[in-house]
Amino acid sequence: MPEKPRLGVAGVPTDIAAVELIARNLGVALVYLVDGQGARPPVPENAEVVQISLDDMDKEVPRFQGLDLRGVWLVECRYQRWLNQMAPHFAWPHLNCAVDHPDRPCPIPNARSFSADGLARLVESGSGTIPIPSWVRSSCGNGDSSCMRVEHPSDLSLAIQKLRKRSPEGVLRIQPTVEGDIYRLLAFKTGRTLVPVDLVEEIVTPSVYRVPLGVSMPVARRGALFDETVRQAREVSDVLPTGWGMVQMEFVISAESGDIILTDVQAPAGLDQDLQTVFLLSQGIDLTRCAMECALGHHPSVAPTCETGIAFSWLLTRSGVVVGFEGVEAAPELPGVVAIHINAHEGDILTHVVDMPTRERGGYIVTRGATAAIARERLEVVRNAAWISTSPALS
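In this text the structure is predicted, and so the values were computed from the model without any measurement.

**Quick notes on the side chain of Thr 288**
With respect to the secondary-structure elements, Thr 288 resides in helix H8 (residues 287–295). Setting aside chain neighbours within four positions, we find Thr 288 in contact with Val 19, Ile 22, Trp 73, Leu 271 and Gln 276.

What follows is the structure in structure tokens.
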């Protein structure tokens, strides 16, 4: 019996059981690649685990010559730099997540990319024109990013300081803000080809930290809106790195002009829980399987098998110490509730949502309906009926 093709998994997936099932369906054997400084990940006992070094690449290449991996699926963004350096030696299909570069024109209209030091010097010198209000985004080249809204020139230095602390080696992008409805297009690059999947409608936190809070689909205006976003995406795709992997593009329908404006491009490592859940339940598209297929150098299976309205939202709570949970046990009985999952525990200290990790500490809600609008209405009913109670944290 011929040996199964072997796929490396760089990092630990959220749902190991689901990943193992997909691997069996694809007919591949998984090899989990983990930082040698850490303990064995929570994978099946018979799973093959290989410790890797994120520092000394010269020693890594000979070790991997005998592993015969068909490709590597990037799950955690901290392994991106390792994959970028290793993949060329073995012709592994991969996509470099570094969209922004301070020495290249930014692919986002009306945006400019800088090194953190370069933008800081520009602000300090007072030279150049910086749009106000603006978004300042960090991109550390490994699929991780953050965004802050700047309302006044005096706030720019603070934004640069905070984003530099989060991504010390990252690139900063500054661009004028665009107010309006937000949509995210998911696609996969297969070599030089862009394979669009679908749009989701997105909401973000109303604070200066512009953190994605929830998504819903299918999009009501999907026909014309989808066609225009895909047209713009294909134009931008031509200047993105050639490779195999997921690409996400954010578009805003300007409340002022009605134009559909591209505002962000990301090539993220791993998959967000909200996107994976919504696409699977609404369209029957398994993004995890698609990502694994891309890592093997195959075209992903993006054809929908169903269509229903799904809404997903992370739970926002007041900062403080968790003291209880109101209405959570009764919430599953409300119309359209698919799931309500609480990550927090009594005694936990929850802070303001400033990034993905702080967003996910509370939990999430998933609802369904005949349309996305109905699913969103039901989600709001659940949000008003179930919440996490906190009291101010004592210093």
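Next, the rest of the story.
**Examining the sheet that holds strand E1 (residues 6–10)**
Strand order in the open sheet formed by 4 strands is E3-E2-E1-E4, with parallel pairing between adjacent strands. Two strands close off the open sheet at either side, each with one partner strand: strand E3 (48–52) and strand E4 (69–74). The mean angle between the axes of side-by-side strands here comes to 30 degrees, regardless of whether they run parallel or antiparallel. With 5 bridges joining them, strand E2 (residues 29–35) and E3 adopt parallel strand pairing. In the sheet register, Leu 33 faces E3, and the bridge partner there is Val 50. This element, helix H1 (residues 16–26), spans E2 and E4 of the sheet and lies at about 140 degrees to E2.

**Quick word on the sheet that holds strand E13 (residues 260–266)**
Overall, antiparallel pairing links the 8 strands, which are arranged E13-E12-E9-E10-E11-E14-E18-E16 in an open sheet. This sheet does not close on itself; its edge strands, each paired only once, are E13 and strand E16 (337–342). Neighbour-to-neighbour, the strand axes of the sheet open up by a mean angle of 25 degrees, direction not taken into account. Direction of pairing for strand E11 (residues 212–217) relative to strand E14 (residues 309–314): antiparallel, over a ladder of 4 bridges. The residue bridging Val 215 from the neighbouring strand is Phe 312, located in E14.

**Digging into the packing of helix H2 (residues 57–64) against helix H3 (residues 80–90)**
Each packed pair of helices is defined by two parameters, the angle between the axes and the distance between the axes. In contact at an axis separation of 10 Å, H2 and H3 are set at 45 degrees when each is read in the N-to-C sense. The angle between H2 and H3 falls in the class oblique. Crossing hand, H2 versus H3: right-handed. For the pair H2 and H3, contact is made by Met 57, Glu 60, Val 61 and Phe 64 and by Trp 82, Gln 85, Met 86, His 89 and Phe 90, respectively. Grouping the constituent residues of the contact of H2 with H3 by class yields 6 nonpolar, 2 polar and 1 charged.

**Side note on the pairing of strand E15 (residues 320–326)**
Taken together, the 2 bridges between E15 and strand E17 (residues 349–350) define a ladder with antiparallel strand orientation. Residue pairing across strands places Val 321 opposite Ile 349, the latter belonging to E17. Of the pairings in the sheet, the one linking E15 to strand E19 (residues 387–391) comprises 5 bridges and is antiparallel in character. Residue pairing across strands places Phe 325 opposite Ile 388, the latter belonging to E19.

Conventions we followed
- Residues numbered from 1 in each chain as written.
- Predicted model: local features only at pLDDT ≥ 70, side-chain atom pairs only at ≥ 80, totals over all residues.
- Heavy atoms only, no water.
- Helix = DSSP H or I, 4+ residues; strand = E, 2+ residues; numbered from the N terminus.
- Contact = heavy atoms within 4.5 Å.
- Pairing = 2+ DSSP bridges.
- Axes fitted to C-alpha atoms, helices over the stretch in contact; angles between N-to-C directions.
- Parallel < 35°, antiparallel > 145°, perpendicular 65-115°, else oblique.
- Left-handed = near helix turned anticlockwise from the far one by under 90°.
- Nonpolar A, V, L, I, M, F, W, Y, C, P; charged D, E, K, R; others polar.

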